[in-house]
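Observations on the model geometry
Listed below are the residues making up each chain.
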Amino acid sequence: MSTLYNSPASKFSLDSVGRNTNDIWLLLGRIALGSIFVVSGFGKLTHLGGFEASLALKGVPLPWLAALVGAPVEFFGGLAIVLGIAGRYAALLMLAFTVVATLISHRFWVYSDAAVRQAQLSNFSKNIAIIGGFLLLFAQGTGRFAIDGLLHLRNRAAKRAE
């Protein structure tokens, strides 16, 4: 029985290209998703006082503690995403970080000025999309071109050698 998936034309379909290059797309997606956190987190780590002050202005309780926890989570969590280290755990950590950061910094509903409200709504929506990316990364995993993938291959080779 011949179906679209068994036909010669299906070898050149977007589905087959996606399946055959899945690990490359996961690598590129991880770089795109994690790099914003690496850059932003590095800025916060190197200017922790400014980050703490911005949190205090937003009414965050214990802003010194929030800054002390938030900046390294953002930087190292983003780095873990880019490098594919403990990918599913990192995806959940960064998902939680993004939810908290969104609720602190992009509360569009509190603004009456239409332009400010729209800007905050755009940032809120962008963060929802980023959360979607972390959900996909959690579901799919990091792929072969990640520290996780390399360790998995090394462990499989070691088991075969036994």
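Structure shown above.
What comes next is a walk through the structure. (Residues numbered from 1 in each chain as written. Predicted model: local features only at pLDDT ≥ 70, side-chain atom pairs only at ≥ 80, totals over all residues. Heavy atoms only, no water.)

Let us now look at the pattern of salt bridges. A full pass over the atoms with the stated rule returns two salt bridges. Between D23 and R144 there is a salt bridge, with its nearest N and O atoms 2.9 Å apart. Of this pair, D23 sits in helix 2 (residues 22–46) while R144 sits in the loop between helix 6 (114–140) and helix 7 (147–161), placing them 121 residues apart in sequence. Residue classification places R144 among the partly exposed residues on the basis of a relative accessible area of 43%. One salt bridge in this structure joins K44 and E74, with 2.8 Å as the shortest N-O distance. (Salt bridge = Lys/Arg side-chain N within 4 Å of Asp/Glu carboxyl O. Helix = DSSP H or I, 4+ residues; strand = E, 2+ residues; numbered from the N terminus. Buried < 20%, exposed > 50% of the residue type's maximum accessible area, 1.4 Å probe, protein only.)

Among the nonpolar cores identified, the biggest contains 13 residues, and F37, I81, A91, M94, I130 and F134 are the most heavily contacted of them. For this core, the leading source of residues is helix 5 (residues 87–105), giving five residues. Those residues in contact with F134 that lie beyond four places of it in its chain are L33, F37, I81, A91, M94, L95 and T98. (Core = buried A, V, L, I, M, F, W, Y, C linked by side-chain atoms within 4.5 Å. Contact = heavy atoms within 4.5 Å.)

For the pair helix 2 and helix 4 (residues 63–83), the least separation of the axes is 7 Å and the interaxial angle reads 155 degrees. What the angle tells us is that helix 2 and helix 4 run roughly antiparallel. When you trace helix 2 past helix 4, the crossing you get is left-handed. Touching R30, I31, G34, S35, F37, V38, S40, G41, F42, K44 and L45 of helix 2 are A71, P72, E74, F75, F76, G78, L79, I81, V82 and L83, all from helix 4. (Axes fitted to C-alpha atoms, helices over the stretch in contact; angles between N-to-C directions. Parallel < 35°, antiparallel > 145°, perpendicular 65-115°, else oblique. Left-handed = near helix turned anticlockwise from the far one by under 90°.)

Enumeration according to the criterion identifies seven aromatic pairs in this entry. An angle of 45 degrees between the planes, with centres 5.6 Å apart, marks the rings of F37 and F134 as tilted. Of the two residues, F37 is situated in helix 2 and F134 in helix 6; the sequence distance between them amounts to 97 residues. Considered together, F37 and F134 belong to a single accessibility category, that of buried residues. Centroid distance W109 to F124: 5.9 Å. Interplanar angle 85 degrees. Geometry classified as edge-to-face. Here the residue W109 occupies a position in the loop between helix 5 and helix 6, and F124 occupies one in helix 6, the gap between them amounting to 15 residues. For W109, a relative accessible area of 42% translates into the label partly exposed. (Phe/Tyr/Trp six-rings, centres within 6.5 Å; stacked < 30°, edge-to-face > 60°.)

At a minimum axis distance of 11 Å, the contact between helix 2 and helix 6 shows a crossing angle of 140 degrees. By the angle class used here, helix 2 and helix 6 are oblique. Between helix 2 and helix 6 the crossing geometry is left-handed. Along the contact surface, helix 2 presents N22, L26, R30, L33 and F37, while helix 6 presents I130, G133, F134, L137 and Q140. Split into classes, the residues belonging to the contact of helix 2 with helix 6 amount to six nonpolar, three polar and one charged. (Nonpolar A, V, L, I, M, F, W, Y, C, P; charged D, E, K, R; others polar.)

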